[in-house]
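# Reading the structure
In case you want the letters, here they are:
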Amino acid sequence: MSTGVRETLSTVQVAQAIGISQKLLLKLQKVKNSPFKAGEHYRFQGTTTAAAMRWFPEPTDLAFSKFTRVDPSATETMDGGEA
């Protein structure tokens, strides 16, 4: 009998499962055009802003795999001129 509760993993566990660093996972979660959305890819374990995140592994893996990477030159903000 299914309870309807989806499996969740910690940030460390899901980062390891999809083969990226915990730092990159959290960075991508915070960017403007993040592939991850609250309620779909992760949820918080408590009610405060300090609550740990729990990740839904399958949708997180799919979102990361479909995520469109950017060309590094497109994000360069430093002037390449002489100092």
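Whatever comes next refers back to the structure up there.
Residues numbered from 1 in each chain as written. Predicted model: local features only at pLDDT ≥ 70, side-chain atom pairs only at ≥ 80, totals over all residues. Heavy atoms only, no water.

## Comments concerning the sheet that holds strand E2 (residues 42-44)
Convention followed: Strands were regarded as paired on the criterion that DSSP finds at least two bridges between them. In DSSP terms, a helix is any run of H or I states spanning at least four residues, a strand is any run of E spanning at least two, and both are numbered starting from the N terminus.
Across the sheet, three strands lie side by side as E1-E3-E2; this open sheet has antiparallel pairing. At either end of the open sheet lies a strand with only one pairing partner, and these are strand E1 (9-10) and E2. Judged from the three bridges that link them, E2 and strand E3 (residues 53-55) form a sheet pairing that is antiparallel. Looking at the pairing, tyrosine 42 lines up with tryptophan 55 of E3.

## Looking at the packing of aromatic side chains
Aromatic rings in a pair are described by how distant their centres are and how their planes are angled relative to each other. In plain terms, the rule: Centre distance within 6.5 Å is the pairing criterion for rings of Phe, Tyr and Trp, where only the six-membered ring of Trp is used; planes under 30 degrees apart are then read as stacked, over 60 as edge-to-face, and the remainder as tilted. Each residue gets one of three labels from its accessible area relative to the maximum for its type: buried under 20%, exposed over 50%, partly exposed in between, using a 1.4 Å probe on protein chains only. Our definition puts a charge over a ring when NZ of Lys or CZ of Arg is within 6 Å of the ring centre and also within 35 degrees of the ring normal.
Applying the stated criterion across every chain, the model contains three aromatic pairs. When the ring of phenylalanine 36 is compared with that of tryptophan 55, the centres are 5.3 Å apart and the planes differ by 85°; the resulting orientation is edge-to-face. Pair noted here: phenylalanine 36 is in the loop between helix H2 (22-30) and E2 and tryptophan 55 is in strand E3, with a separation of 19 residues, a long-range link. Like tryptophan 55, phenylalanine 36 is buried. Judged by centre distance (5.8 Å) and plane angle (85°), the ring pair of tyrosine 42 and phenylalanine 44 falls under edge-to-face. Residue classification places phenylalanine 44 among the partly exposed residues on the basis of a relative accessible area of 43%. Note that arginine 6 overlies the ring of phenylalanine 56, its terminal NZ or CZ placed 3.6 Å from the centroid.

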